[in-house]
Amino acid sequence: ETGVTQSPTHLIKTRGQQVTLRCSSQSGHNTVSWYQQALGQGPQFIFQYYREEENGRGNFPPRFSGLQFPNYSSELNVNALELDDSALYLCASSTAGRGNYGYTFGSGTRLTVV
Amino acid sequence: GQQLNQSPQSMFIQEGEDVSMNCTSSSIFNTWLWYKQDPGEGPVLLIALYKAGELTSNGRLTAQFGITRKDSFLNISASIPSDVGIYFCAGQLRNAGNMLTFGGGTRLMVKP
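Residues numbered from 1 in each chain as written. Chains lettered and ligands numbered in written order. Predicted model: local features only at pLDDT ≥ 70, side-chain atom pairs only at ≥ 80, totals over all residues. Heavy atoms only, no water.

1. Concerning the overall build of chain A
Tallying secondary structure elements over chain A gives zero helices and 11 strands in all. For 114 residues, the compact-globule estimate of 2.2 N^0.38 gives 13 Å, and the C-alpha radius of gyration of chain A, at 13 Å, lies within 12% of that figure. With respect to the principal axes defined by its C-alpha atoms, chain A has extents near 40 × 25 × 25 Å. In chain A, which comprises 114 residues, the proportion classed as buried is 49%. Pairs at least 24 apart in sequence give 53% of the contacts found in chain A among residues at least 6 apart. For chain A, the computed accessible surface area is about 5,500 Å², with 46% contributed by carbon and sulfur atoms. (Helix = DSSP H or I, 4+ residues; strand = E, 2+ residues; numbered from the N terminus. Rg over C-alpha atoms; globule rule 2.2 N^0.38 Å. Buried < 20%, exposed > 50% of the residue type's maximum accessible area, 1.4 Å probe, protein only. Contact = heavy atoms within 4.5 Å. Areas by Shrake-Rupley, 256 points an atom, 1.4 Å probe, with all protein chains shown as cover.)

See below:
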């Protein structure tokens, strides 16, 4: 059983650019959630995807958007990058209805905006 | 929005000592979770609590779901060097899907 994999592991972008982060969910999982973790803080919920549709959103502006594909993998897109977007972006997959024991995080993508 | 206050923010302990950390919220949760995050990794679930008053153990770890549903604590007994890391509490509401609200973390550092 493969876990949650995220790519890339690190990247550096310039303010104003756009970025796409990718996540492959754990085998058998159909729900993907994205979290932003600023340095020294706990993760903050961005949004969740289920059946290829957004299924819940945290307090993030519309320039944060996402996709889920038929194989349950997902992308997080951030437009017009700002310095404060520098953070670790975590993807978590789960199976709807299985509760928290099925909630698995990836190792994250470290985004630095300069 | 909801916020979880986690304390202490960091602590040094002697190997073999017991550790206690807690989390409080301004509002109730249906589920409390405790995660550990090692450097360069994502959070890993340690214990999940589903009922007010519930006390659950996982090896040397014990956690409780507060009766008011607004707090939880995690105890680690007989700490060892591999306990080093950041521990996060997280709360979840039943009608909020899988969304987790995390505390700010407790950084545990063990003196060998």
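2. Thoughts on the state of the cysteines
Applying the stated criterion across every chain, the model contains two disulfides over all chains. Between the sulfur of A:Cys23 and that of A:Cys91 lies a disulfide, 1.9 Å long from S to S. Across the S-S bond of A:Cys23 and A:Cys91 the torsion is about -65 degrees, and the bridge reads as left-handed. With A:Cys23 in strand β3 (residues 19–24) and A:Cys91 in strand β9 (residues 87–94), this pair connects stretches of sequence that are 68 residues apart. By relative accessible area, A:Cys23 is classed as buried at 2%. With a sulfur-sulfur separation of 1.7 Å, B:Cys23 is cross-linked through a disulfide to B:Cys89. A residue pair is termed long-range when its members are at least 10 positions apart, and B:Cys23 in strand β3 (residues 19–25) and B:Cys89 in strand β9 (residues 85–92) qualify at 66 residues. With respect to class, B:Cys23 is no different from B:Cys89; both count as buried. (Disulfide = S-S within 2.5 Å.)

3. Quick word on the nonpolar core
Core analysis: the largest hydrophobic core is formed by 21 residues, its most contacted members being B:Trp32, B:Trp34, B:Leu74 and B:Leu108. With sequence-adjacent residues up to four places away left out, B:Leu108 is seen in contact with B:Met11, B:Ile13, B:Val19, B:Ile76, B:Asp83, B:Val84, B:Gly85 and B:Tyr87. With 20 residues, the next largest nonpolar core counts A:Cys23, A:Phe47, A:Phe60 and A:Leu76 among its residues. (Core = buried A, V, L, I, M, F, W, Y, C linked by side-chain atoms within 4.5 Å.)

4. Section: unusual backbone geometry
Residue A:Ser7 is joined to A:Pro8 through a cis peptide bond whose omega torsion reads -10 degrees. By the secondary structure assignment, A:Pro8 is in the loop between β1 (5–7) and β2 (10–13). In this model, B:Ser7 is joined to B:Pro8 through a cis peptide bond whose omega is -5 degrees. Examined against the element boundaries, B:Pro8 turns out to sit in the loop between β1 (4–7) and β2 (10–14). For B:Ala78, which is not glycine, the phi dihedral falls at a positive 45 degrees. The class for B:Ala78 is partly exposed, based on a relative accessible area of 35%.

5. Considering the confidence of the model for chain B
On average, chain B scores 92 in pLDDT, and the residues at 70 or more come to 96%. In the model of chain B, strand β11 (residues 106–111) of chain B stands out as the element of lowest mean pLDDT, 90, in contrast to strand β8 (residues 71–76) of chain B, which has the highest, 98. (pLDDT = per-residue confidence, 0-100.)

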